[in-house]
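The residues making up each chain are set out below.
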Amino acid sequence: MEVRQFDDLGYTLTTIKTDKFKTNLISVSFQSEINRDTVTKRSLLPYVLRGATEKYPSKKALNTYLESLYGASLSTTVEKRGKTHNIKFYLSLANEKFLGHQEPLLEEGVALLKEVILKPLLVDGAFKEQVVDIEKRLLKEYIESIYDDKVSYSLQKLVENMCQGETFSINSIGYADDLAEINGKNLMKTYEEMLNNNQVSVAVVGDIDSQHVYEIFSKQFNFAHRSVNQEVIDHEDKVIQEVKVIKEVQDISQGKLNIGYRTHTRIDDDDYLPLLVFNGIFGGYAHSKLFMNVREKESLCYYCASRLDNYKGVMYVYSGIESQNYDKALKIIDEQLKDMVSGNFSEKEIDLAKKSLINSKLESMDQASGMMAHEALNKLLKHPLSVEEWVAAVNAVTAEQVVAVAKKIKEDTVFFLTGKEVAE
């Protein structure tokens, strides 16, 4: 794997040359600080751009052209990463090296991205209302579907309550109530803001010639040079006076118990890797303490696990329980954390956590998107690590470091979604 970075195009272009794949993956990302007033428009925008362009005025026309590019695929997404909101476009297409008759597929793919991002279908200087209305309906359906997915819904409610008053509480996919006021004209302002003021990053992974990729993008994508260096890592924090407990009653049979913690450790901190090992022992895998003790030993839940958001410095424990087991589940989950703080874990548990982390990393590097993610993370670290260096650093984590990072973790909020019968 050979990584190069070009910074003289008005945006950052990262090329990752590897012979692992017979396809090339291109990503184009627009990053801005997340904002409650604009998040819904930004969430809608990439789907409107994907929906119709000057040359391909419908999804059907665009999809037909993608098929002609040997089954290329184009997707869009939005995500929250720390303090930022990211609009992303992904294009996966065959590497022309492996075609019987070579065509300039990479160049054609970049030209298509240019068409989608820079040449949308406009009517009187605004997005076509019919396209906007279709995508508004689809986004509304998606936002409302979260309510029916009780695992996602309860985790979303935990974050909203735990981080109330902080920018991190903003939902990355937007809010259904905002959609009614969005039209082709005001969405155009959001689009212009994205083009003119966002931090732009491009990455290309595949068996490529980096200089050739640079030349293609220098011809196709021209952005005014900007000094945007968006701060990603969210250091906004609060002093926890007491643990906040919120209970919500719905007509459900299985309770959802979610607990939010402040880890006070973020990806640019020296104890970031010890925190990953901590989570591997505590609740990150099927051999972790939460799964083995809360689910298997005590049979208190259908699932129980923990996950980290290291851009913010928070950890979530999420579980599905019989609602009458609420107090007992809370107690045993707390005991697992106290075990971590006191160093009550074995060398075997540390070893299993490290092996699981390393296997997950190596598996991710078997995918182009994983390579992109690794390099994107490296840009935020004080000391970027190759995969080999990362593996060595994980293996070097000690039990004492795990205990030290565990001692920094403080419980913040409990959100419990319970059934009506139990509440009554």
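Refer to the structure above for everything that follows.
Presented here is an overview of the structure given in this document. Since the structure is predicted, the reported quantities are computational estimates derived from the model, not experimental observations.

## Some thoughts on helix 12 (residues 368-378)
Here's step 1: Most of helix 12 sits inside the fold, with 8 of its 11 residues counted as buried.
Here's step 2: If you check which residues of helix 12 are buried, you get Ala368, Gly370, Met371, Met372, His374, Glu375, Leu377 and Asn378.

## Describing the nonpolar core
Here's step 1: Ranked by size, the top nonpolar core spans 71 residues in total, and within it Tyr11, Leu13, Ile26, Phe30, Leu91, Phe127 and Phe217 carry the most contacts.
Here's step 2: For this core, the leading source of residues is helix 3 (residues 105-118), giving 7 residues.
Here's step 3: Discounting residues that sit within four places of it in the chain, Leu13 has contacts with Arg4, Gln5, Phe6, Val202, Val204, Val213, Tyr214 and Phe217.
Here's step 4: Counting residues in each nonpolar core, the second largest holds 59 residues, with Met340, Ile358, Met365 and Val394 among its members.

## Observations regarding the packing of helix 4 (residues 129-148) against helix 5 (residues 150-162)
Here's step 1: Packing of helix 4 against helix 5 leaves a shortest axis separation of 5 Å and a crossing angle of 95°. The pairing of helix 4 with helix 5 is recorded here as roughly perpendicular in orientation. Residues Ile146, Tyr147 and Asp148 of helix 4 form the contact with helix 5, whose own contacting residues are Lys150, Ser152, Tyr153 and Gln156.

## A few points about the side chain of Thr418
Here's step 1: The residue Thr418 is located in strand 13 (residues 410-419) in this model.
Here's step 2: The class of Thr418 is buried, set by a relative accessible area of 5%.
Here's step 3: Each residue touching Thr418, except ones within four places of it in the same chain, is listed here: Glu248, Val249, Gln250, Ile252 and Ser323.

## Focus on the pattern of salt bridges
Here's step 1: Per the stated rule, a full pass over the model turns up 22 salt bridges.
Here's step 2: Salt-bridge contacts for Asp366 lead to Lys20; the nearest nitrogen and oxygen are separated by 2.9 Å. Linking Asp366 in the loop between helix 11 (347-364) and helix 12 with Lys20 in the loop between strand 2 (12-17) and strand 3 (23-33), this pair joins segments that are 346 residues apart in sequence.
Here's step 3: Judged by relative accessible area, which is 46%, Lys20 ranks as partly exposed.
Here's step 4: Here Asp271 and Lys408 are joined by a salt bridge, their closest N and O atoms 2.7 Å apart. In this pair, Asp271 is assigned in the loop between strand 10 (255-262) and helix 8 (272-282) and Lys408 in the loop between helix 14 (399-407) and strand 13, connecting sequence segments 137 residues apart.
Here's step 5: Linked by salt bridges that have partners in common, Glu166, Asp234, Asp237, Lys238, Arg262, Arg266, Lys312 and Asp412 make up one network.

What counts, and at which threshold
- Residues numbered from 1 in each chain as written.
- Predicted model: local features only at pLDDT ≥ 70, side-chain atom pairs only at ≥ 80, totals over all residues.
- Heavy atoms only, no water.
- Buried < 20%, exposed > 50% of the residue type's maximum accessible area, 1.4 Å probe, protein only.
- Helix = DSSP H or I, 4+ residues; strand = E, 2+ residues; numbered from the N terminus.
- Core = buried A, V, L, I, M, F, W, Y, C linked by side-chain atoms within 4.5 Å.
- Contact = heavy atoms within 4.5 Å.
- Axes fitted to C-alpha atoms, helices over the stretch in contact; angles between N-to-C directions.
- Parallel < 35°, antiparallel > 145°, perpendicular 65-115°, else oblique.
- Salt bridge = Lys/Arg side-chain N within 4 Å of Asp/Glu carboxyl O.

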